[in-house]
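Understanding the architecture of this molecule
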Amino acid sequence: QVKLVESGGGLVQPGGSLRLSCATSGFVFSVYSMSWYSQAPGKERELVAVISPTGSTLNLAESVKGRFTISRDNAKNTVYLQLNSLKPEDTAVYFCYARIVSTWGGWMDIWGQGTQVTVSS
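In what follows, the accompanying structure is described. Just so it is clear, the structure is predicted and the values come from calculations on it, not from any experiment.

So, how was this worked out
Residues numbered from 1 in each chain as written. Predicted model: local features only at pLDDT ≥ 70, side-chain atom pairs only at ≥ 80, totals over all residues. Heavy atoms only, no water. Helix = DSSP H or I, 4+ residues; strand = E, 2+ residues; numbered from the N terminus. Buried < 20%, exposed > 50% of the residue type's maximum accessible area, 1.4 Å probe, protein only. Phe/Tyr/Trp six-rings, centres within 6.5 Å; stacked < 30°, edge-to-face > 60°. Disulfide = S-S within 2.5 Å. Pairing = 2+ DSSP bridges. Axes fitted to C-alpha atoms, helices over the stretch in contact; angles between N-to-C directions.

In this model, asparagine 77 sits at a positive phi of 55 degrees, which is unusual for a non-glycine residue. Tracing the chain through its elements places asparagine 77 in the loop between β7 (68–73) and β8 (78–83). Using a relative accessible area of 29% as the deciding quantity, one classes asparagine 77 as partly exposed. The backbone of serine 85 shows a phi angle near 50 degrees, a positive value even though the residue is not glycine. Considering the arrangement of structural elements, one finds serine 85 in the loop between β8 and β9 (92–101). Looking at serine 85, the relative accessible area reads 40%, which means it is partly exposed.

So this is what it looks like as structure tokens:
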């Protein structure tokens, strides 16, 4: 069974840091790009960061460049999002995402359940 399980969210003060993890199973993690999205209350889900299969290529949303970092450990089938210098506007549910080839040959979109990040004093 294909699964993405996020963890690491919580309540943090402005300027603080969190490290989100997304543990995966059920597919060959090392051949797929992985992404993190965020969804703030009342807003659409937005792409935050993407990492290529080997980790050699990273893309970050302009709003988080210089503050967030995406990384992966292919030996652990896990992708991470390091959140530094957090701002109240970073408050959102953060989702892990992958698009993989399904057993029937088509593309399949996989989402985790999300982890809440709340930035507040």
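The next point concerns the packing of aromatic side chains. Under the criterion given, the structure shown has six aromatic pairs. With a centroid separation of 6.5 Å and 55 degrees between ring planes, the pair formed by phenylalanine 27 and phenylalanine 29 is classed as tilted. Each member of the pair, phenylalanine 27 together with phenylalanine 29, is buried. Look at tyrosine 37 and tryptophan 111: their rings are 4.9 Å apart centre to centre, the planes differ by 65 degrees, and that puts the pair in the edge-to-face class. Placement of tyrosine 37 in strand β4 (residues 34–39) and of tryptophan 111 in strand β10 (residues 107–111) is noted, with a sequence separation of 74 residues between them. Accessibility expressed as a relative area gives 34% for tryptophan 111, which makes it partly exposed. Among the aromatic residues, those joined into a cluster by ring pairs are Tyr37, Phe95, Tyr97 and Trp111.

Another point: the state of the cysteines. A full pass over the atoms with the stated rule returns one disulfide. A sulfur-sulfur distance of 2.2 Å marks the disulfide that ties cysteine 22 to cysteine 96. Taking the sign of the S-S torsion, about -85 degrees here, the bridge from cysteine 22 to cysteine 96 comes out left-handed. With cysteine 22 in strand β3 (residues 18–25) and cysteine 96 in strand β9, this residue pair connects regions lying 74 residues apart in the sequence. A relative accessible area of 0% means that cysteine 22 is categorised as buried. Classification of cysteine 96 by relative accessible area gives buried; the value is 0%.

All right, on to the sheet that holds β7 then. Ordered in space as β1-β3-β8-β7, the four strands form an open sheet in which the pairing is antiparallel. Each edge of the open sheet carries a strand with a single partner, namely β1 (3–7) and β7. Strand-to-strand, the axes of this sheet are offset by a mean angle of 15 degrees, without reference to chain direction. Summarising the sheet, β7 and β8 pair through six bridges and their orientation is antiparallel. Within β8, the residue paired with aspartate 73 across the bridge is threonine 78.

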